[in-house]
Amino acid sequence: MPLAFDLHTHTVHSDGTTAPEDNVLLAKEVGLAGVALTDHDTVSGWTQMRDACARHGLAFIPGIELSTERDGRSVHLLGYWVNPEDAALREECDRLRNERSRRAVQICERLDDLGVGVDVARVRALAGTAPIGRPHIASAMIEAGHVPDVQTAFDRYLADGGPAYVPKYAVDPVRGVRLLADAGGATVLAHPGVSEDGGGPVTPDLLDELAAAGLHGVEVDHPAHEPDVADRWRQMANAHGLVVTGASDFHGERKSLHIGERTTTAATVEHLQTLASNKMHDRISVAPTAS
Ligand code: AMP
Ligand code: FE
Ligand code: FE
Ligand code: ZN
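The following paragraphs examine the structure supplied in this document. (Residues numbered from 1 in each chain as written. Chains lettered and ligands numbered in written order. Predicted model: local features only at pLDDT ≥ 70, side-chain atom pairs only at ≥ 80, totals over all residues. Heavy atoms only, no water.)

## Section: the coordination of the iron ion (ligand 3)
- Glu65 (OE), His76 (ND1) and His191 (NE2) make up the full set of protein donors to the iron ion (ligand 3), lying at 2.1 to 2.2 Å.
- Linear spacing of the donor residues for the iron ion (ligand 3) on their chain is E-x10-H-x114-H.
- The distance between the iron ion (ligand 3) and the iron ion (ligand 2) is 5.1 Å. With a gap of eleven residues between them, Glu65 in strand β3 (residues 59–70) and His76 in strand β4 (residues 73–80) connect regions that are remote in the sequence.
- Overall, Glu65 belongs to the buried group, its relative accessible area being 1%. (Donors = N, O, S within 2.8 Å, 3.2 Å for Na, K, Ca; no water. Helix = DSSP H or I, 4+ residues; strand = E, 2+ residues; numbered from the N terminus. Buried < 20%, exposed > 50% of the residue type's maximum accessible area, 1.4 Å probe, protein only.)

## As for the site of ligand 1
- Surveying the vicinity of ligand 1 reveals ten residues, the closest of which are Arg100, Arg103, Arg134, Gln151 and Lys168.
- Between ligand 1 and Arg103 there is a distance of 2.9 Å, counted from an oxygen atom to a side-chain nitrogen or oxygen.
- Among the secondary structure elements, those contributing two or more residues to the shell around ligand 1 are α3 (87–113), α5 (134–143) and α6 (150–158).
- Looking at the shell around ligand 1, its residues break down into three nonpolar, two polar and five charged. (Near = heavy atom within 4 Å. Polar contact = N/O pair within 3.5 Å; in protein donor to acceptor, adjacent residues only side chain to side chain. Nonpolar A, V, L, I, M, F, W, Y, C, P; charged D, E, K, R; others polar.)

## Considerations on the packing of aromatic side chains
- Summed over all chains, the structure comprises one aromatic pair.
- Arranged with centres 6.0 Å apart and planes meeting at 55°, the rings of Tyr80 and Trp81 form a pair that is tilted. Of the two residues, Tyr80 and Trp81, both sit in the buried class. (Phe/Tyr/Trp six-rings, centres within 6.5 Å; stacked < 30°, edge-to-face > 60°.)

## Topic: the packing of α3 against helix α7 (residues 173–182)
- The contact between α3 and α7 brings their axes to 8 Å, and the two run at 130°. Between α3 and α7, the crossing angle belongs to the class labelled oblique. In terms of crossing hand, the pair formed by α3 and α7 is left-handed. Contacts between α3 and α7 involve Ala88, Leu89 and Glu92 from the former and Arg175, Leu179 and Leu180 from the latter. (Axes fitted to C-alpha atoms, helices over the stretch in contact; angles between N-to-C directions. Parallel < 35°, antiparallel > 145°, perpendicular 65-115°, else oblique. Left-handed = near helix turned anticlockwise from the far one by under 90°. Contact = heavy atoms within 4.5 Å.)

## Comments concerning the packing of α7 against helix α8 (residues 204–212)
- Taken N-terminus to C-terminus, the directions of α7 and α8 make an angle of 30°; their axes are 9 Å apart at the nearest point. In terms of axis orientation, α7 runs roughly parallel to α8. Remark: the crossing between α7 and α8 carries right-handed chirality. Side by side, α7 and α8 meet where Pro173, Val174 and Val177 of the first sit next to Leu206, Glu209 and Leu210 of the second.
- Of the residues belonging to the contact of α7 with α8, the class tally is five nonpolar, no polar and one charged.

## Examining the layout of surface pockets
- Approximately 200 Å³ is the volume found for the second largest pocket.
- Taken together, Asp41, Thr42, Val43, Ile64, Pro84, Leu89, Arg90, Cys93, Asp94 and Arg97 make up the full set of residues lining the second largest pocket.
- By residue number, the principal contributor to the lining of the second largest pocket is α3, which donates five residues.
- Considering only residue class, the lining of the second largest pocket consists of five nonpolar, one polar and four charged. (1 Å grid on protein atoms, 1.4 Å probe; cavity = no way out; pocket = protein on both sides within 12 Å on 5 of 7 lines; lining within 4 Å. Points joined across faces, edges and corners; volume = space filled by probe spheres on them.)

## Some thoughts on the coordination of the iron ion (ligand 2)
- Around the iron ion (ligand 2), the protein contributes the donor atoms Asp15 (OD), His40 (NE2) and His251 (NE2), at 2.0 to 2.2 Å from the metal centre.
- If you list the donors of the iron ion (ligand 2) from N- to C-terminus, the spacing comes out as D-x24-H-x210-H.

## Concerning the sheet that holds β3
- Taking strand neighbours across the sheet as the criterion, the eight strands line up as β7-β6-β5-β4-β3-β2-β1-β8 in an open arrangement whose pairing is mixed. A single partner strand is all that each edge strand has here, and the edge strands are β7 (243–246) and β8 (264–265).
- Relative to strand β2 (residues 34–37), strand β1 (residues 4–6) runs parallel, the two sharing two bridges. Each bridged residue has a counterpart across the sheet, and for Phe5 the counterpart in β2 is Gly34. (Pairing = 2+ DSSP bridges.)

## Section: α5
- Buried within α5 are the following residues: Arg134, His136, Ile137, Ala138, Ala140 and Met141.
- Buried residues in α5 make contact with α3, α4 (120–127) and α6.
- Once α5 finishes, Gly145 follows within two positions and takes phi at roughly 80°, a positive value.

## Let's talk about the pairing of β2
- Going residue by residue along β2, you find Gly34 and Ala36 tucked away on one face and Val35 and Leu37 tucked away on the opposite face as well.
- On the question of chirality, the crossover connecting β1 to the parallel β2 by way of helix α1 (residues 20–29) is right-handed.
- One ladder, built from four bridges, connects β2 with β3; its direction is parallel. When the bridges of β3 are listed, Val35 appears paired with Phe60. (Right-handed = clockwise from strand over helix to strand, strands pointing away.)

## Quick word on the nonpolar core
- Ranked by internal contacts, the top residues of the largest apolar core, which has 43 residues, are Leu189, Leu207, Leu215, Val218 and Trp233.
- Broken down by element, this core gets its largest block of residues, five residues, from helix α9 (residues 227–239).
- Setting aside anything within four residues of it in sequence, one finds Leu215 in contact with Val177, Thr187, Val188, Leu189, Leu207, Leu210 and Leu242.
- Within the second largest apolar cluster, 20 residues are counted, among which are Leu111, Val118, Met141 and Phe154. (Core = buried A, V, L, I, M, F, W, Y, C linked by side-chain atoms within 4.5 Å.)

Here you go:
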């Protein structure tokens, strides 16, 4: 197998269920040359992941998946090799986290009014180190016996527009690309064909805007992209001269995806790294070896 990298994985530092070292072990098991950590709106898992990669002989690609939104459609942006000390990026990530926390309190107040209250402290405990999201609130509702499962919690209360729904603060995608690029990162549009929360896939017009704002690549090969969807995005990425990446978007047990299910070649990873203006990270250089 040619040297392959998985450029999109999550851990307990956001909404995954595994520890950083687990991702590294899984990547090693399937023979990857390197693996990225791209938790949502945080870099808190980087040190653990870097150490684990060093111990197991894999290349570490530090990343972050920034949540942005345009017209009710969620748009996820991957930023690789960003400077974790960048003030504007840190401020935005802190803000996203704090706003999520405030929103969780508001949702819990609504649930109270609806007679299906849950303890905010319990919701926080369930979220642990991760930013608080509606799935954590759904888990607390199940524990409290208000609903039998997560889907029922969403269908009756938490879904967009539902009786306990509170919209969340979000950054515009163009601002997101600039934030990540200004922090020195290589920027990649994550799973553009996936309609998260029913908002619809990314539009070609928005891709034009993001490309003009300095986007470097598109995550074309993603498990949720059917072959025809991937082909369409491959063509659009090529038309803009953007780098094409592949990754699993591994979330541990939260989604049935496997590390290494989609991958990116060493040559593409090296090329992507040359596009990142921050040169403080270890350079990825994977000369093919005969072994
Ligand atoms: P949040 O980040 O708090 O807005 O929650 C978003 C997450 O909630 C998504 O990643 C999904 O896992 C889940 N979710 C959103 N809408 C629904 C829905 N209608 N049914 C089931 N899960 C949903
Ligand atoms: Fe996620
Ligand atoms: Fe995503
Ligand atoms: Zn992701």
